[in-house]
Amino acid sequence: MEKLMMKGSEAIAEAAVRAGCRLFFGYPITPQNEIPEYMSRRLFEVGGQFVQAESEVAASNMIYGAAAVGARVMTSSSSPGISLKQEGLSYCAGSELPVVVVNIMRGGPGLGGIQPSQSDYWQSTKPGHGDWHPLVLAPSTIQEAADLVMDAFDLADEYRNPVMILGYGLIGQMMEPVAFREYQPREFDKSWTTCGCKGRPPNIVNSLYLDPNILEEHNHAIFQKYERMKREEVRFETFRMDDARFCLAAYGTVARICKTAIAQLRDEGIKVGLIRPITLFPFPEAVFREARVRWILDIEMSMGQMIEDVRLAVRGRTPVHFYGRVGGVVPTPDEIVRKVREMYKEGVK
Amino acid sequence: MEKLMMKGSEAIAEAAVRAGCRLFFGYPITPQNEIPEYMSRRLFEVGGQFVQAESEVAASNMIYGAAAVGARVMTSSSSPGISLKQEGLSYCAGSELPVVVVNIMRGGPGLGGIQPSQSDYWQSTKPGHGDWHPLVLAPSTIQEAADLVMDAFDLADEYRNPVMILGYGLIGQMMEPVAFREYQPREFDKSWTTCGCKGRPPNIVNSLYLDPNILEEHNHAIFQKYERMKREEVRFETFRMDDARFCLAAYGTVARICKTAIAQLRDEGIKVGLIRPITLFPFPEAVFREARVRWILDIEMSMGQMIEDVRLAVRGRTPVHFYGRVGGVVPTPDEIVRKVREMYKEGVK
Amino acid sequence: MQYEVVFAGFGGQGVMLIGQLLANAAMMQGKEACWMPSYGPEMRGGTANCTVVVSDEPIGSPVVPAPGAAVVMNRPSMDKFEPMLKPGGLLVVNSSLIDRKASRTDIDVIYVDANHLAEHTIKSPRSANMVALGAYIGRTNAATPEIVKEAMAKKMTNKARFLPANKAALDLGISVSREQE
Amino acid sequence: MQYEVVFAGFGGQGVMLIGQLLANAAMMQGKEACWMPSYGPEMRGGTANCTVVVSDEPIGSPVVPAPGAAVVMNRPSMDKFEPMLKPGGLLVVNSSLIDRKASRTDIDVIYVDANHLAEHTIKSPRSANMVALGAYIGRTNAATPEIVKEAMAKKMTNKARFLPANKAALDLGISVSREQE
Amino acid sequence: MTSSTGGSMPEKQPFKQVFGYPRGLTERPTHYCPGCMHGVAHRLVAETLDELGIRERTVGISPVGCAVLAYNYFNCDMVEASHGRAPAVATGIKRARPDLYCFTYQGDGDLASIGMAEIIHAANRGESFTVIFYNNAIYGMTGGQMAPTTLVGMRTTTSPGGRDPLQKGAGYPICMAELLNTLEGPFYIARQSLLSSREIIRAKRCVKKAFQLQPRGFTFVELVGTCPTNWGMAPIESRRWASENMLPQFPVGVFRDREKEGDA
Amino acid sequence: MTSSTGGSMPEKQPFKQVFGYPRGLTERPTHYCPGCMHGVAHRLVAETLDELGIRERTVGISPVGCAVLAYNYFNCDMVEASHGRAPAVATGIKRARPDLYCFTYQGDGDLASIGMAEIIHAANRGESFTVIFYNNAIYGMTGGQMAPTTLVGMRTTTSPGGRDPLQKGAGYPICMAELLNTLEGPFYIARQSLLSSREIIRAKRCVKKAFQLQPRGFTFVELVGTCPTNWGMAPIESRRWASENMLPQFPVGVFRDREKEGDA
Amino acid sequence: MNNWIRVDRDRCKGCELCLESCPEQIIELSSVMNIKGYHFAVQKDADRCTACRLCAISCPEVAISVFRVLKKRQRAS
Amino acid sequence: MNNWIRVDRDRCKGCELCLESCPEQIIELSSVMNIKGYHFAVQKDADRCTACRLCAISCPEVAISVFRVLKKRQRAS
Ligand SMILES: Cc1ncc(C[n+]2csc(CCOP(=O)(O)OP(=O)(O)O)c2C)c(N)n1
Ligand SMILES: Cc1ncc(C[n+]2csc(CCOP(=O)(O)OP(=O)(O)O)c2C)c(N)n1
Ligand code: SF4
Ligand code: SF4
Ligand code: SF4
Ligand code: SF4
Ligand code: SF4
Ligand code: SF4
Ligand SMILES: [Mg+2]
Ligand SMILES: [Mg+2]
């Protein structure tokens, strides 16, 4: 496979096209403008369609429509725009539509800033109104981003549920070598789509259930899918955990920063490893729970969001500490080293 | 104080007016239409203003404007509409504006239904993009709703942060006797508002900070307010917890249903009590952590959302079980009794 | 003591109103009271109903899966609520519009020809609901007739001219239910 | 071995491009490579910069608070990045536009009169960036000159006519840096 | 179309059914209030699907509003959209499947209030779907709040003293057909009323035209209807009231027909 | 306004400063690209605040767009609004404090794309604030994507082959002044350009008028400007290009003046 | 003439729009109720029915079917 | 005449709009750069300046002030 040096945003876009995505609806917002821009060039070349939506709200409903007629469709945005998509995405989940959403997060709250941040963890994994979750994938390299985007379309179709790719400027703006694997198209049942009722009774794509008992059943059916995701789709990476006495928890590129720190800490004889969740929902609970470590240090570019899932996973058995940078400040390997060293000296706090 | 038999929605609206709210911006949605309807009559009587906004998005930005010039202002909606307000509310938090938001939840996801639900717990307590929280108040009676609404305006001003009243059809549509307490106006610093810069340098209401270091500081400043809330504003009710060996956890009217169940269970000799969080953020962690019970049964009208906060509070020391109804189905005292009885028989699972 | 009663009927039959009157009366009598409507599209065209709980203590659940009483103004309401009643509960049946008899034997039933009585005896066809309410309070102690009338006067200020008829209807309902005791 | 280098300058000086060339070349040489730009309004009018990491192993942190090298094309960039360099690091200074000398003594410094050389020696004023890149790769082994030229040919297909000048500029930069060794 | 069975007719004579239930509707009774003209508007669409033979190639979009359950009534594939966003959903559908027919069915709150940006931009892009816009000057579903099309002075639950643009800043009725007609994008724009059989016949012609022209671009038919329930009127009264009060504000007509203009 | 200090002037003669820095602007240098006319538009507003003596009673609203940092430049109280919602924020402000003056400053992406519903409804309600609408036919801030006002055929980063309404369904340029002029609500609507000193002088008159009339209702001034950076042109070239290409699509003029109409 | 209409009595909601629409004024409401509790439309004087369909066109419930008796030449076609 | 303009050299971004706007064509860009790296506007021939202000009106940076030498009758006022 030929390697190309590509920006994360463009690799994401190209991977989508290779996975059969022929429709993109989105609205500009830094730091992910390269995705719509790339799509506006690329999709017409491959017989697809690109629409610059009038807003994120509109975009989230355009993907709803396209998915309802069975198309592979994607939208992308960044934090404030993702807030605006919450209603539309909840409709996608309620109507069980396969859509792929890219969130290249930035600092908040409000207009915030445009530098890297992970403070959409909550609104990504436990989003808007109603009980629902997207399947959330958090790449840490451009190569992984491209691979996960391809998987995302299959997972969306497999579960008829929104799938979110969660990145931020470090992923979206960065260039790294990427090799696109040959995408193997799979067959999915699309008999439920609303493409004209020739030869069958009409199909309905809908999330309204006025009878509470039926809506309750519907919720349970959706959650059965989530249970299956928890069994079958959990992904994570462990790094030097074999002999680790301490564990860092981080996702996305922050995990790479941790690896650099770990290399240094290991040199100092501090046996620290890393667990990097790749799926944020379903969250890799078991690996955290089973990690035999003295403590876990959760490192995020937020005020502490994923840490709740880590704590829920370990159920109080392992102390979970926090180190966060926020507002677009990216933690350096050095400060992580310092933090771990400090904790190491103090012993288990 | 004279008691009036009032619908929850109307009591909420009237309490707001009595607390000095003179501006309301909202958009119709069942089951909270009585709030805008009441306000459209009432506010012009007291020299205020009512605008039926063109959408929830617009409404969430109208309150932003009104709060920026120092007005007491409120909006209300229900779940899908609250999703649409997420961006605007994040701006309010980022710009540190005191606004009061009423969310009369309904079943989801998507259009869902209009019957009672608690499945906006997550998007209420851990909302949209960026690291922020509203202070969330969950009344269980109409009287309490009225009282909390009055407090809400003071808390919003005290912390310059959004405050949310979280109810659902059972609160919004129900009538109960309510006596409005004499509201005692307090003085708040409003020197930061943008009401014309006569005699001082211009004020700016803003949430944009392009320098990550400054945005980080800003985030820390906001979180210092949350730390203070955690120290000073936590509210909860305990019911028959003195001698309880088992504990139910529930908020809103669900807690009342639990009380009915507890009465019956106590008759059977099962020593069960109840902890009812009144502030959902800040969450009453200590009372859960300190409860010396064999297990906690968390009961929600959702697939299980608050339960995570309960679990985080007890840190694995107490098993936390779940019983949920969803989609608008309201649990009955009987089914709670049955569930508890079952667990009691089985012993601690 | 706690009373739970469902008032149910067609949209225009005024069942919500009599529920509110009862709740108001109970409150004026110093009791705890709670009125809970069904709402939403199910109301449109179909049946409307509300549940009233009256109690000496703070009311726990406002949702009552098995109420102690039901006042049913039309057939669909009877079909829906008769089976839900608590054993020993009370069913007030508007026999003007409901042609069948109660099928349960473990409940008390009052048949009241509410529409007919309102139209012919009271000469106020729209006060059938008050006849039915009377039948209910004639049998229970959820609220005294006097205080219900006071509640009427307070709540229906813009319909004051119907007050005498409504009071008469209430009394008529009470006497009907007492007759059937 | 891991190389970390920041390329920094005014918006139009082509620092992003030379960073990308280096990253591409490293990739073509079978190494791991990562290019990370600064982005956003700070770029507008002000300085632009990017960081390139080249390594034999998978790259950890793409963010490099203390890079091993910096190529600074203007004064503000020098002011910003000189202090951040790792001790023993390399600073390539575009002396055409930067009138001061490095103030640190614990680093290697190459002064290259990039704009002047590009304009007068290469006769291609816009290839000052390539001279600077040459100076960097002349001193380090982040990528071989041949492969950087290959990367140029590949990446700048729509500017093929500038290729000879750019290659010459690269070579010139290499020789300047070797001279200063 | 002769048939030998029928109602209880006195003598057996040869006859023909000249009006019947369209195939384009399912047999489900509607939840609409007595006399509400959503049912009429539905039928016009359904008949059009039948007459053009496109029922099996059509996907309809129900709004959030009283017509939310339209997905139960139209006998074609249906998608339920979020409030106001049906034009965005339709855009997604038609961009993915230009070979299908697609229509949105929207109320005035849905289309002209929360959905204003979506309708304008879809129209401006000239998306090739048909919009059936039921204008009853009120929010029916939620219990009679003011809509963007509510007449000045009209009482609603959120304009209890009557819509008052001057004292209360409640705005003026927005004329969507005219507004969209300022855009370059639309292909066909018409407004008709449903207030008598004759008007319904005219409306039908426009609805059919809109579907016929759909492959060529964005087509829009506003239908002036009623909401007896929230207007607090009997159906017949509401029909009369609308004729007298709504039609002067919302005059009927064909505002744009690019086919006639020979423009395309 | 004579002053005895000045630049390095050859002889000391009595003189007068006939153009200077307005009090309505802070002294902060802007972040705008060279030749970008956001700065001109800012100055017109600032001068107006000075001339009407309302600077200390005014609250301005910056948009999301290149003018987001306008809160640093205007020397009055400022509020930063979310993307497209400045008219809603202004509604909140003016309903709370009708005694203040309030203006929004918005770009074409902000006002005509994501904020379409908000501007139309605020205009329709006749909210009494002033909108300064900077139309540069592109998304400046985010790097040159297509805007609703982008001309047909114009290349942007999301219309790389030129805006194409027919083949790609990218829509037509939306003329906001004309669109708003179909509504009953607005009090004053004008469009001017900033493409030469003379045009700027005319534009100034309209901006001032809009503030003067603000207490009577919704006033709107569209200003045709440039974005040299994302158009990929030198400032002077961009000014010429805009004259030749934008003005035919966006003709200048006063579209509504209810004062003149004697309508209020 | 001997045309007639058929009203689907359980679909009818008694809105009376057909009554008003009939040029012959030959539709009235039944005195009895249908299962939904509505008085439904009935054609009282079929003899005068012109099969003009105006009643059916007005009916929001699509509750009316219209039948036309064929004249001789129509039968042929 | 002896009017003149003053250019705030560090505000100027060298956009040249004032150059084009000046009817007298008496503004040019400096050869040196200001602190932001721009060649800034300078008035090359103040003698011909009419103080018409057109340069200043065109300047997006509000970098230009215009000064008019007063004629006798103006001084009086
Ligand atoms: C986001 C959101 N906001 C509000 C609502 C509540 N809602 C349901 S229908 C409706 C208005 C319907 O009015 P209209 O579009 O005029 O349709 P009609 O019922 O009159 O036919 C509203 C506001 C909702 N479901 N979702
Ligand atoms: C909700 C949201 N969507 C998108 C953005 C990104 N964004 C910032 S500015 C802008 C467009 C600005 O264009 P315009 O309004 O024309 O202003 P200009 O920069 O041209 O002056 C966009 C899309 C955002 N900040 N928030
Ligand atoms: S509420 Fe109004 S619009 Fe809705 S069904 Fe009833 S009459 Fe029709
Ligand atoms: S990007 Fe365009 S609009 Fe923005 S400041 Fe630069 S020239 Fe002006
Ligand atoms: S078909 Fe015509 S004449 Fe016959 S009943 Fe209907 S409206 Fe009357
Ligand atoms: S119009 Fe239809 S629904 Fe109305 S009365 Fe006639 S048949 Fe019945
Ligand atoms: S004031 Fe007029 S003449 Fe003088 S420099 Fe400026 S434009 Fe030229
Ligand atoms: S117009 Fe202003 S910024 Fe531009 S060159 Fe002249 S003085 Fe400088
Ligand atoms: Mg409507
Ligand atoms: Mg713009």
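The shown structure was predicted, so the numbers you read here are calculated from the model rather than taken from an experiment.

**Q** Tell me about the relation of the copies chain A and chain B, and name the residues and values.
**A** Taken as rigid bodies, chain A and chain B are interconverted by a rotation of 180° and an axial shift of 0.0 Å, the fit giving an RMSD of 0.0 Å. Taken together, the rotation and translation relating the two chain copies correspond to the operation of a two-fold axis. Within chain A, the C-alpha atom positioned nearest to the axis of rotation is that of G316 of chain A, 2.2 Å from it.

**Q** Summarise the site of ligand 6; cite the residues concerned and give the values.
**A** Taken together, the neighbourhood of ligand 6 is formed by C12, K13, G14, C15, E16, C18, A41, C59, P60, E61 and I64 of chain G. Taken together, the residues of the shell around ligand 6 sort by class into seven nonpolar, one polar and three charged.

**Q** Outline the coordination of the magnesium ion (ligand 9), supporting the account with residue identities and numerical values.
**A** Residues and elements named next belong to chain E. Taken together, the protein ligands of the magnesium ion (ligand 9) are D108 (OD), N136 (OD1) and I138 (O), with distances of 2.0 to 2.1 Å. Spacing between the donor residues of the magnesium ion (ligand 9) along the chain follows D-x27-N-x1-I. Here D108, found in helix α4 (residues 108-114), pairs with N136, found in the loop between β5 (130-135) and β6 (138-139); they are 28 residues apart in sequence, far enough to count as distant.

**Q** Break down the sheet that holds strand β14 (residues 295-300) of chain B for me, citing the residues and quoting the values.
**A** Residue and element names in this part refer to chain B. One open sheet holds the five strands; their spatial order is β10-β12-β11-β14-β15, and the pairing between them is mixed. Two strands bound the open sheet, and with one partner strand each, they are β10 (236-239) and β15 (320-324). Each adjacent strand pair in this sheet contributes to an overall mean axis angle of 20°, direction not counted. Sheet topology note: the β10/strand β12 (residues 272-277) ladder contains four bridges and is antiparallel. Counted as the bridge partner of E237 is R276 from β12. Along the sheet, helix α12 (residues 333-346) contacts β11 (246-249), β14 and β15; its crossing angle with β14, the most-contacted strand, is approximately 155°.

**Q** Could you give me a rundown of the confidence of the model for chain E, with the residues and numbers involved?
**A** The predicted coordinates ought not to be read in detail in places where the model reports low pLDDT. Residue and element names in this part refer to chain E. When the pLDDT values of chain E are averaged, the result is 94; 95% of them are 70 or greater. This stretch, residues 1-8, has a pLDDT under 50; its non-local contacts, to residues over four places away or in other chains, come to 11 contacts. Overall fold confidence for the complex sits at a pTM of 0.97, while the interface term, ipTM, reaches 0.96.

**Q** Which residues make up the side chain of H83 of chain E, and what values go with them?
**A** In this fold, H83 of chain E is placed in the loop between β3 (77-80) and α3 (86-96). By relative accessible area, H83 of chain E is classed as buried at 14%. Side chain to side chain, H83 of chain E and Y27 of chain B meet in a polar contact 2.8 Å long. Beyond its immediate chain neighbours, meaning those up to four positions away, H83 of chain E contacts Y91 of chain A, Y27 of chain B together with V64, G109, D110 and I114 of chain E.

**Q** Summarise the pairing of strand β5 (residues 130-135) of chain F; cite the residues concerned and give the values.
**A** Residues and elements named next belong to chain F. Within β5, six of the six residues are buried, leaving the element largely enclosed by the surrounding structure. Side chains T130, I132 and Y134 project from β5 onto one buried face, and the interleaved V131, F133 and N135 project onto a second face that is buried too. Taken together, the five bridges between strand β4 (residues 101-107) and β5 define a ladder with parallel strand orientation. In the strand pairing of β5, G107 is matched with Y134. Relative to strand β9 (residues 219-224), β5 is paired through six bridges, and the arrangement is parallel. Its bridge partner lying in β9, T130 is registered against T219.

**Q** Explain the interface of chain A and chain B to me, and be specific about the residues and the numbers.
**A** On the chain B side, the residues contacting the 58 residues of chain A number 58 residues. Between chain A and chain B lies a buried interface of about 4,800 Å² when both sides are counted; carbon and sulfur atoms form 64% of it. For the chain A face of the interface with chain B, the top three residues by lost area are P109, H129 and M303 of chain A, together amounting to 15%. At the junction of chain A and chain B, the tally comes to four salt bridges. Here chain A is connected to chain B by 28 residue pairs in polar contact (both at pLDDT 80 or more). Sorting the residues of the side of chain A that touches chain B by element identifies α4 (79-94), α5 (121-125), α8 (212-232) and α11 (306-314) of chain A as the ones contributing at least two each. Among the elements that line the side of chain A that touches chain B, the one with the most residues is α4 of chain A, at 10 residues. A class-by-class count of the residues in the side of chain A that touches chain B yields 20 nonpolar, 28 polar and 10 charged.

**Q** How would you sum up a positive patch on the surface? Please name residues and give values.
**A** There is a patch of like positive charges on the surface, built from R292, R315 and R317 of chain A together with R311 of chain B. Residue position: R315 of chain A is located in the loop between α11 and β15 (320-324).

**Q** Just give me the short version of the site of ligand 2, but keep the residues and values in it.
**A** Taken together, 22 residues lie around ligand 2, and E56 of chain A together with H38, C66, D108 and D110 of chain F are the ones closest in. For ligand 2, whose unbound accessible area comes to 590 Å², protein coverage reaches 98%. Among the elements of the structure, α4 (108-114) and β6 (138-139) of chain F are those that each provide at least two residues to the shell around ligand 2. Looking at which element gives the most residues to the shell around ligand 2, the answer is α4 of chain F, with three residues. For the shell around ligand 2, the per-class residue count stands at 10 nonpolar, eight polar and four charged.

**Q** Give me the lowdown on the packing of aromatic side chains, citing residues and values where you can.
**A** Pairs of aromatic rings are described using the distance from one ring centre to the other and the angle between the two planes. In this structure the tally under the stated criterion is 42 aromatic pairs over all chains. Across from the ring centre of Y111 of chain C, 3.9 Å away, lies the NZ or CZ of K101 of chain C, which sits over that ring.

Reading guide: rules and limits
Residues numbered from 1 in each chain as written. Chains lettered and ligands numbered in written order. Predicted model: local features only at pLDDT ≥ 70, side-chain atom pairs only at ≥ 80, totals over all residues. Heavy atoms only, no water. Least-squares fit on C-alpha atoms with pLDDT ≥ 70 in both. Near = heavy atom within 4 Å. Nonpolar A, V, L, I, M, F, W, Y, C, P; charged D, E, K, R; others polar. Donors = N, O, S within 2.8 Å, 3.2 Å for Na, K, Ca; no water. Helix = DSSP H or I, 4+ residues; strand = E, 2+ residues; numbered from the N terminus. Pairing = 2+ DSSP bridges. Axes fitted to C-alpha atoms, helices over the stretch in contact; angles between N-to-C directions. Contact = heavy atoms within 4.5 Å. pLDDT = per-residue confidence, 0-100. Buried < 20%, exposed > 50% of the residue type's maximum accessible area, 1.4 Å probe, protein only. Polar contact = N/O pair within 3.5 Å; in protein donor to acceptor, adjacent residues only side chain to side chain. Buried area = accessible area lost by both parts, 1.4 Å probe. Salt bridge = Lys/Arg side-chain N within 4 Å of Asp/Glu carboxyl O. Patch = residues over 30% accessible without salt bridge, like charges linked within 9 Å, V, L, I, M, F, W, Y side chains within 5 Å. Areas by Shrake-Rupley, 256 points an atom, 1.4 Å probe, with all protein chains shown as cover. Lys, Arg positive; Asp, Glu negative; His and termini not counted. Charge placed at Lys NZ, Arg CZ, Asp CG, Glu CD. Phe/Tyr/Trp six-rings, centres within 6.5 Å; stacked < 30°, edge-to-face > 60°. Lys NZ or Arg CZ within 6 Å of the ring centre and 35° of its normal.

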